[in-house]
Each structure stands twice: as structure tokens, then as C-alpha cells.
Amino acid sequence: MLTVSEALDRAQMLCDAAAKAGADAADALYYCNAATSVSMRLGALEDVERSEGQDISLRVFVGQRSASVSTADMDAGELTKLVERCVAMAREAPEDPYAGLAPEDLLFKGQVPDFDLDDGSEADPAALREAALVVEEAARAVAGVTNSEGGSASHSRTRFALATSHGFAGGYGSSGHSLSASVIAGEGASMQRDYGWHSAHHLADLESAADIGNRAGTRAVARLNPGKAPNGKLPVLLDPRVSGGIVGHLLGAIAGPAIARGTSFLLGKEEQTLFDSGIIIRDEPHRARGLRSRAFDGEGLPTAARDIVAGGKITGWLLDTASAKQLGLAPTGHASRGGGASGVGASNLHLAAGSVTPAALMEGIADGVYITELIGHGVNPVTGDYSRGASGFLIKDGALAGPIAEFTIAGNLIDMFAGLIPANDLEFRHGTNAPTLRIDGMTVASS
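The rules behind the values
Residues numbered from 1 in each chain as written. Predicted model: local features only at pLDDT ≥ 70, side-chain atom pairs only at ≥ 80, totals over all residues. Heavy atoms only, no water. Helix = DSSP H or I, 4+ residues; strand = E, 2+ residues; numbered from the N terminus. Buried < 20%, exposed > 50% of the residue type's maximum accessible area, 1.4 Å probe, protein only. Polar contact = N/O pair within 3.5 Å; in protein donor to acceptor, adjacent residues only side chain to side chain. Contact = heavy atoms within 4.5 Å. Pairing = 2+ DSSP bridges. Expected span 1.5 Å × (residues − 1). Axes fitted to C-alpha atoms, helices over the stretch in contact; angles between N-to-C directions. Parallel < 35°, antiparallel > 145°, perpendicular 65-115°, else oblique. Left-handed = near helix turned anticlockwise from the far one by under 90°. Core = buried A, V, L, I, M, F, W, Y, C linked by side-chain atoms within 4.5 Å.

K.L.:
Residues and numbers for the environment of Asp75, please.
P.N.:
With respect to the secondary-structure elements, Asp75 resides in the loop between strand S3 (65-71) and helix H2 (76-92). Since its relative accessible area comes to 44%, Asp75 is described here as partly exposed. Sequence separation between Asp75 and Arg388 is 313 residues, and the spatial gap between their C-alpha atoms is 47 Å.

Printed below as a string of C-alpha cells:
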């Protein structure tokens, strides 16, 4: 695998080649990854995979016209042809008044800080096999588990580099470790499946295989013999496994491209109080060992911590350069890049913990539902209407009463935001994290 310095050289060379081929401006993104995974099923080795890949993407501008290309072929001759094709494509593209690189005076400057994203480890297939075996055995050891879809363990190393023709060059590397198990409880038509997993940059931060496996087995058994959900407008609690999705829907609604197109249900609501005044949703790109930590965004602009929601209001849109130009605003350091034009994305997001326990949130609920799984993508980004399939547990007289399945929950995100009550059980396990959330008055329907 290339070093970060070598990855930067590769990206910079492509930018330089684009300028020589006639581009007025260009940026290049280089990405490479090496991953090893081992899967065990019913105590036997099922699969060992080793993958190594690299990709380089070039975006060029000729006046107000632009084009993008990407390839995994690093042959010098092929890259030369790639640059020539990309410049030729740009000359034929329609003009876009908002096309262009990020403003030069706003670019990230200085040394890229070390957020401790790489523990320096190398893949050890024997250790991965042992971890996969242990996580599956722990899940299968739970009474009531009858079959297994397997346990898996993986290790990865990644390098990322971005260079632009107007002076930016930055990159970083990271390592990744993950463990998962998926098992089945029950027999015949009454079988239920569930899982447990965790991932981290450092092996030392990874949850133990025994705990992950035990959680997978316990969850599967708890879902056996589900009943029907009640019908009507009821209090709903979202388990931390799914509560982060609410933050994700907010993120899509405040993304600059959606605002510029006029396709967000939050358009025109910038000054409205949308949440309880105590709700804080925060983006923290500089968190040590954070799964999405980054010093600069996909256009080379510096990132910074920011409360996306504070005092009950959103604090502004998340903007890349193009959407900022369209809206007459400044970019916010939230550009994301893949193979083509930039988009918008956040880093380490979390909804801050509340002051009460999940059990306290349930107190006083005569009939309600506790959601552990959501199904489908029934969210309308233009209206905010929300409807998802779900499964979980009945809440009866302030406590969990038994599993329920095959029902839907529905509402509107504006009402859901206004009614959010967070518990105090926030954990930083994923890229987006939220505690248990209570939302009253959602429509629950069971067939």
C-alpha cells in the first residue's frame, strides 16, 4: 500500500497533467484500501477474503464547463489518455455558472493534524479467524439460538489524498477493525434473526467478541413469538440502534444542494424553533479516533466543530462550493467527494444525551411501542412525511411487555423533531450516534 505522501504525489501528478492538457483548473482524489475478512459458520471456516483496490478520480474545469472521470488503472500511459479524455469532455459540457474549485483563500493550510485514526496494525488471518469463531460461539451459546448465519472479523487499511491545481494537497491514512455475528432463534415458521456488530479504527477500542456475540444471540431470542402492535396515535421509543436515523433525515434536509434545488421540507424554516430548546445536535470532525474524523472536506476546505441544532433551531445549511454560490453564501467545509462532482456530508454527528434513563422515558406510558428495527425508506424529503415498517417491543404500563412485528410507524418529521425527548444513554459507537429517543403521538398501524 502507498504511503500518504506517495498517494499525494499521485493525485498531484494528475492535476499537473490536466493543466498541461488545457484545463483551467482541476482536482484529483486518490483512494486505496486493503482489507482482509474471515467468516466462520457453525464453528467451521466459511470464507477468507483479501481485497486490495485503488481508484483515482479527476475533475477538470474549462471555463465554466466541467467533467469528471475515474479509473483503477494506474498505468502512466492510461492515465495520460484519461486526462486527455476528461479535458475533451469538459470542453463539450454545458456551462454551469456555479462550477469551480473551492475559493483559494479559504483552503485548509498547514500540517494535517493526527487524529489517531491508524493503529499501525497489519492483518493477521489467524487472529481474525479466532475472533470470528469466538463471536459466533458466544452468540450460539445463548439458550434458544438454533442456527447461525455466521460470525465475521475484518481488518482494513486505507489511504486518502486530495490535490487541487490551485495549491491544496492533503491526505491521511486509517485502519479499521470490525466484528459481527448473526444468528437465528426458534424453529420453522417462528424463526427470528438478529445480529450484533461493532467497528473501530483501533483494535483496542473494539468491543469484545464475547459481548458482541452474546448481544446477537440475546436479541434474536427476545424476538421470538411476536404479537401484534396496538393501533392508533401512541408514544414511540427508538432504540439507539435506529435513533440515529432521525439525525440522518435532518442532515439531508439541511444539505445545500437540496436547499438550492428547493426540495427540502425545511426550506423557509431557518428561523423557526423546530426542536426543544435543550436539544443539541453536533458535528465533531476533529474527534480523536472518530470514525468520520477529517481535517479538511472533499474540496480542501478546513473543517470545524459545529452545533447543527442549538437553542431549538438549525444553525444554517451544510454547503459545498457549488450550493454556496447558488445561495449567495460561503461554503461550510462539508463537501464530500466521490468519483464526480462534490456533494455534502457531515463527520462525527451526535444528538446530545438527555437527563433521564430509558426506563424513566417509559414511565407513564400505558400503551406504546419500542422500536429496535426499521424497514424501508418511506421518507419524503420535500414534505417531511415519514412512514417506515418496524419491529420491536410493546410498552405496557411503563415497561417492555413482549416482542411485536410487522407494523408501521408514521408521522411528519417537523412534528417528530418538535417532540423528541432524549434519554441519557448516548454512546459513541458509529459515525452518527443518538441515545434512546421518545416521540409521542406517532401513528402506529398493525395489519
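K.L.:
Give me the side chain of Arg223: which residues, what numbers.
P.N.:
Structurally, Arg223 is set in the loop between helix H4 (209-222) and strand S7 (232-238). A polar atom in the side chain of Arg223 sits 3.1 Å from the side chain of Asp194. There is a polar contact of 3.2 Å between the side chain of Arg223 and the side chain of Ser391. Sequence-distant contacts of Arg223, that is, excluding residues within four places in its chain, are made with Gln192, Arg193, Asp194, Glu373, Ser391 and Pro403.

K.L.:
Describe in detail the sheet that holds strand S13 (residues 349-351), supporting the description with residues and values.
P.N.:
Ordered by their spatial adjacency, five strands build an open sheet running S10-S9-S8-S13-S18, and the pairing between neighbours is mixed. Among the strands making up the open sheet, the edge pair consists of strand S10 (313-314) and strand S18 (432-433). Across three bridges, strand S8 (residues 281-283) lies against strand S9 (residues 306-310) in antiparallel orientation. Paired with Ile281 across the two strands is Val309, which belongs to S9.

K.L.:
Account for H2, naming residues and giving values.
P.N.:
When the terminal C-alpha atoms of H2 are compared, their 25 Å separation across 17 residues agrees well with the 24 Å that a helix rising 1.5 Å per residue should span. In this structure, the buried residues of H2 make contact with helix H1 (4-20), strand S2 (44-62) and S3. Put simply, Asp75 is the residue that caps the front of H2, since its side-chain oxygen is 3.0 Å from the backbone nitrogen of Gly77.

K.L.:
So, the packing of H1 against H2: which residues are in play, and what are the values?
P.N.:
It is at 9 Å that the axes of H1 and H2 come closest, and there the two elements cross at 50°. Relative to H2, H1 is oriented oblique. Considering how the two elements wind past one another, H1 and H2 form a crossing that is right-handed. Contacts between H1 and H2 involve Leu14, Ala17 and Ala18 on the former and, on the latter, Leu79, Val83 and Val87.

K.L.:
Can you tell me about the nonpolar core, naming the residues and giving the values?
P.N.:
Judged by nonpolar contacts, the single largest core of 45 residues is most densely connected at Leu250, Phe275, Ile281, Ile371, Phe407 and Ile409. With five residues, helix H5 (residues 240-253) is the largest single contributor of residues to this core. Core analysis: the next-biggest nonpolar cluster, separate from the first, contains 27 residues, Ala11, Ile56, Met74 and Ala161 among them.

K.L.:
How would you sum up the environment of Leu14? Please name residues and give values.
P.N.:
Following the sequence through the fold, Leu14 ends up in helix H1. Classification of Leu14 by relative accessible area gives buried; the value is 4%. Residues Leu14 and Gly144, 130 residues apart in the sequence, show an inter-C-alpha distance of 57 Å.

K.L.:
Outline the sheet that holds strand S5 (residues 169-185), listing residues and values.
P.N.:
Taken in spatial order, the six strands line up as S3-S2-S1-S4-S5-S6 in an open sheet, and their pairing is antiparallel. With one partner strand each, in any of the chains shown, S3 and strand S6 (192-200) form the two edges of the open sheet. Each adjacent strand pair in this sheet contributes to an overall mean axis angle of 15°, direction not counted. Of the pairings in the sheet, the one linking S2 to S3 comprises seven bridges and is antiparallel in character. Counterpart to Arg59 in the pairing with S3 is Ser68. Where H1 meets the sheet, its contacts fall on strand S1 (25-41), S2, strand S4 (145-164) and S5, and the angle it forms with S4 comes to roughly 55°.

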